[in-house]
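Chain residues, written in single-letter form:
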Amino acid sequence: MSLESETSFTIPETKYEQIRYRASQFANDHILLVLLGPAILAITAIFVYPVFYLFRQSLYLTIPGSVERFVGIQNFVTMFQRASFWDYFLNTLIYSFGSLVISLGTGLVIALAINHVTHSKLRDVYSTLLMFSWAIPLAVVALIWKWMFTGNQLGFFNMALMDLGLISSPISWLATQEFAMLAVTLTDAWARMPFAMLLLLAGLQSIPEHMYDAAKVDGATTFQTFRAITVQYLRPYIAIVALINWMFAFRAFAVVFPMTKGGPGTSTTIFSIHIYREGMINFNYGYASAVAVFIIGITLVVATFYVTKVMGGMEE
């Protein structure tokens, strides 16, 4: 039998074989489309279309009992003209950056402590135990910490402080404007700390040991070694943790709403609570959509700048 006859391709004769042949040819010629097509469709369905509809909704005025009316950018103009909007913006910044600083700081301290545990199995046990708080849903975390901040003698913090003699009477943590924001910020930071700890611990374990040995030989102090070696190697990990934790805290809802519902007054009203009130209670969907578009815009701008300038600068 000749080589030509062995390698010749037989044209499919039946209808079924022709369909399979054409599908195979299309897959071979458009392999990227075949592989990425389902993912593109899923992203379009769950992200692109909702965002497009959200932006479209922000251009309409919605009044309960009446037909929607196109108003262009009037919702955005109204949003920027409201003094309360800027108060909520400030609350959101305090909440998100406060949560970031606390979660990143405590995560780094705990990661350093675990990294110094010499026994590998014991180190894994500590890491697993600390990861439990990350596995708990945020709404459940909020309810647990709401009990801990209860403003009577049964609250954990009041009970502990009174037993230590630091206070003489219970403090209404969540009903006092001075303490409510601190309480919700600490709760959010506690929930996000394990993620920071996990990534920073991975970064610490990737640092070559000979770098520390060389620093000891050169007579570097502990602080000098930490600044010159540990921090420098951890910079990419810190950048990732900072970006992700801030983005999640900036649009958080599940912690603040169960604990304070934005109160007392508006002291803990952040953008997510503001959107909920305007959209789900006042049925002002157009204005609520405008605030949501503003949040998306701020997040995209910060994320783009962070990735291109901060993380890109570190790679260079």
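Residues numbered from 1 in each chain as written. Predicted model: local features only at pLDDT ≥ 70, side-chain atom pairs only at ≥ 80, totals over all residues. Heavy atoms only, no water.

Looking at the packing of helix α5 (residues 83-115) against helix α11 (residues 222-250)
Two packed helices can be described by the angle between their axes and the distance between those axes. At a closest axis distance of 10 Å, the pairing of α5 and α11 adopts a crossing angle of 140°. Here α5 is positioned oblique relative to α11, judged by the angle of their axes. Helix-helix and strand crossings are classified by hand; for α5 and α11 the assignment is right-handed. On the side of α5, the interface is formed by Phe89, Thr92, Leu93, Tyr95, Ser96, Phe97, Ser99, Leu100, Ser103, Leu104, Leu108 and Leu112, while α11 contributes Phe226, Thr230, Leu234, Ile238, Val241, Ala242, Asn245, Trp246, Ala249 and Phe250. Considered class by class, the residues forming the contact of α5 with α11 number 16 nonpolar, 6 polar and no charged. (Axes fitted to C-alpha atoms, helices over the stretch in contact; angles between N-to-C directions. Helix = DSSP H or I, 4+ residues; strand = E, 2+ residues; numbered from the N terminus. Parallel < 35°, antiparallel > 145°, perpendicular 65-115°, else oblique. Left-handed = near helix turned anticlockwise from the far one by under 90°. Contact = heavy atoms within 4.5 Å. Nonpolar A, V, L, I, M, F, W, Y, C, P; charged D, E, K, R; others polar.)

Side note on the nonpolar core
In terms of nonpolar packing, the biggest core is built from 43 residues, with Met79, Phe85, Met197 and Phe271 touching the most fellow members. Where this core is concerned, the elements lending two or more residues are α4 (74-81), α5, α9 (177-205), α10 (209-217), α11 and α14 (285-315). Looking at which element gives the most residues to this core, the answer is α14, with 9 residues. In this structure, Trp145, Ile171, Leu174 and Ile273 belong to the second largest nonpolar core, which totals 20 residues. (Core = buried A, V, L, I, M, F, W, Y, C linked by side-chain atoms within 4.5 Å. Buried < 20%, exposed > 50% of the residue type's maximum accessible area, 1.4 Å probe, protein only.)

So, the UniProt feature "transmembrane region" (unreviewed entry) in the chain
Within this structure's numbering, the places UniProt gives as "transmembrane region" (unreviewed entry) are residues 31-55, 88-114, 126-147, 154-173, 179-202, 237-257 and 285-307. Along residues 88-114, the helical share is 100% and the strand share 0%, with 38 Å between the first and last C-alpha atoms. Secondary structure content for residues 237-257 is 76% helix and 0% strand, while the C-alpha to C-alpha distance between its ends is 30 Å. (UniProt positions renumbered as here; feature names shortened; annotations may be inferred.)

Concerning the packing of aromatic side chains
Under the defined criterion, the tally for this structure stands at 28 aromatic pairs. An aromatic cluster is present here, built from Phe80, Phe85, Trp86, Phe89, Phe97, Trp246, Phe250, Phe271 and Phe294 joined pairwise through their rings. When the ring centre of Tyr60 is taken as reference, the NZ or CZ atom of Arg56 above it lies at 4.1 Å. In this structure, Lys261 packs its charged tip against the face of Phe257, placed 5.2 Å from the ring centre. (Phe/Tyr/Trp six-rings, centres within 6.5 Å; stacked < 30°, edge-to-face > 60°. Lys NZ or Arg CZ within 6 Å of the ring centre and 35° of its normal.)

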